[in-house]
Each structure stands twice: as C-alpha cells, then as structure tokens.
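Below, each chain spelled out in residue letters.
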Amino acid sequence: MFTGIITGVGRIEQVRPLGADATHGKRLAIQAPAGYLHDVVLGDSIAINGACMTVTTLDRDSDRFGIDISAESLARTAGLAEPGPVNLEKALRANDRLGGHLVSGHVDGIGTVVHFEPIGESWELRISAPPALARFLAYKGSITVNGVSLTVNRVTDLERACEFSINLIPHTVQNTTLGTLRASQPVNLEIDLIARYVERMLGGSLPRP
C-alpha cells in the first residue's frame, strides 16, 4: 500500500530481456537517490511510476536495486520498458503519515498527456483517460498519475475518451518526473481505491484497460 507521495526520483539504468520472445518480461536495474535504500530489504515493495514492484536484487553501497517485470505488467504500464527517470515510493508503514490517498500500486489504465503548460506559478496538466475509467473520475476526486497522488480539477466526457485537468504546484513539478511530461506522452493511471470498491458493491466491475 502506498500514498502517492513520491519519496525519491530514480533512474532505470539498464533493461535486460528475461527471454527471447514477447512472452518474457524484463529485468530492470534502477539507480536510487543516495541513501534511499538504507531501510530496504530483498522482497520489499517499491512503486515505480505508480506500479508496485518487488525488489529482487539490492546493492545499498551503490544505491542500486533490481526488479523483474512480467510481460503482462509491461503491456499494461508505460515508462518501464526503457531507461529513463522514474518516480519512487517505498511501501507505506502503519505509523506513517497518509499525506496523499490510499494507493495500491496497481495500474488501471494508460492515459495520454494532451496539454502541459505553465499558468502563473503553477502548471496545468490535462490527460486523456480511457473511456472505461471515466466513471471513476470526479471533480475534487483523487487520481494517481505515474505514482503521484493528485486532485482532479475538471472532468470532460468526450466521445472516445475522458479528459481531466490537474493543477501542479512548483514543488510537485520540481520533485517528481511530472515536470518532464510532454504532449502525447503516455502515463500510468490508478483510480481512487474507494471508487473501485463502490463500483463493485453497486454491481459493476472494472473493465480491463
């Protein structure tokens, strides 16, 4: 379980295939910030761009760790198949502050950035979400974008998608990878955990993205 409050920005340094064809996953070597792994052990969960992964190799001296990601997970996430910066969050402890919202680290769909521009001291981020996620997006509701807990400012239902808008304060832009987003870039989306269970209790089910 996570909160969507990013605790470090790392970098995927190496991506190696675990087999010869598309049914195999990949092994990722990730560089973490200095000292970030001091309390991490093998088998711990770390959310990488919002996707919960298990630490399979660990080198605290060099601040590096490794994960194995399946072909299924690669097909349903964005930004984990090639080297580049990633948002990191270690799993929530029972005595931690819940600064964002309850986040499971299970990506529900891939959205697309349609607009990212400065407005005053902040930035406006607009994302096109798959139609299947539209009913889970609400004004002032919570959404996780690449692992970052954010508040929805506006929702617009379109014919083939649902577009939502978010305001990013300078701190978020400077301390996560969201500041590097650009139009047409894919992003990982996770809907609010409470909305997921409300949907189930009302007799529906979350479609596969």
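Residues numbered from 1 in each chain as written. Predicted model: local features only at pLDDT ≥ 70, side-chain atom pairs only at ≥ 80, totals over all residues. Heavy atoms only, no water.

Draft legend 1. Representation of the side chain of S122 within the structure. Secondary-structure assignment places S122 in strand β9 (residues 122-129). By relative accessible area, which is 5% here, S122 ends up buried. At 3.5 Å, the side chain of S122 forms a polar contact with the side chain of E121. With near-sequence residues (within four places) excluded, S122 lies in contact with N167, L168, I169 and P170. (Helix = DSSP H or I, 4+ residues; strand = E, 2+ residues; numbered from the N terminus. Buried < 20%, exposed > 50% of the residue type's maximum accessible area, 1.4 Å probe, protein only. Polar contact = N/O pair within 3.5 Å; in protein donor to acceptor, adjacent residues only side chain to side chain. Contact = heavy atoms within 4.5 Å.)

Draft legend 2. Layout of the sheet that holds strand β10 (residues 142-145). Spatial strand order, β8-β9-β12-β11-β10-β13: 6 strands in a closed barrel with antiparallel pairing. For this sheet, the mean angle separating the axes of adjacent strands, direction not counted, is 45 degrees. Relative to strand β12 (residues 162-168), β9 runs antiparallel, the two being bridged by 7 bridges. Pairing of S128 across the sheet is with E163, part of β12. (Pairing = 2+ DSSP bridges. Axes fitted to C-alpha atoms, helices over the stretch in contact; angles between N-to-C directions.)

Draft legend 3. A look at unusual backbone geometry. The backbone phi angle of N49 is positive, close to 50 degrees, even though this residue is not glycine. Locating N49 in the fold gives a position in the loop between β3 (45-48) and β4 (51-54).

Draft legend 4. Expanded view of the sheet that holds strand β1 (residues 8-17). Judged by pairing direction, the sheet is antiparallel, and its 7 strands sit side by side in the order β4-β3-β7-β1-β2-β6-β5 without closing on themselves. The two strands at the open ends of the sheet, each matched to only one other strand, are β4 and β5 (57-59). Adjacent strand axes in the sheet meet at a mean angle of 35 degrees, parallel and antiparallel pairs treated alike. Pairing analysis gives 4 bridges linking β3 to β4, with the strands arranged antiparallel. When the sheet's bridge partners are listed, S45 is paired in β4 with T54.

Draft legend 5. Local environment of the environment of E72. Its place among the elements puts E72 in helix α1 (residues 71-75). Separated by 48 residues in the primary sequence, E72 and H24 have C-alpha atoms spaced 8.9 Å apart. There is a polar contact of 2.8 Å between the side chain of E72 and the side chain of R76.

Draft legend 6. Region of the structure containing the nonpolar core. Membership of the largest hydrophobic core comes to 25 residues, with the highest contact counts inside it found for V145 and F164. When contributions to this core are tallied by element, the ones reaching two or more residues are β8 (109-119), β9, β10, β11 (148-157), β12 and β13 (186-191). Per element, the largest residue contribution to this core is 4 residues, and it comes from β12. Beyond its immediate sequence surroundings of up to four residues, V145 is in contact with I127, L150, F164, I166, L178, V187, N188 and L189. Grouped together as the second largest cluster of nonpolar side chains are 20 residues, I12, L28, A32 and I69 included. (Core = buried A, V, L, I, M, F, W, Y, C linked by side-chain atoms within 4.5 Å.)

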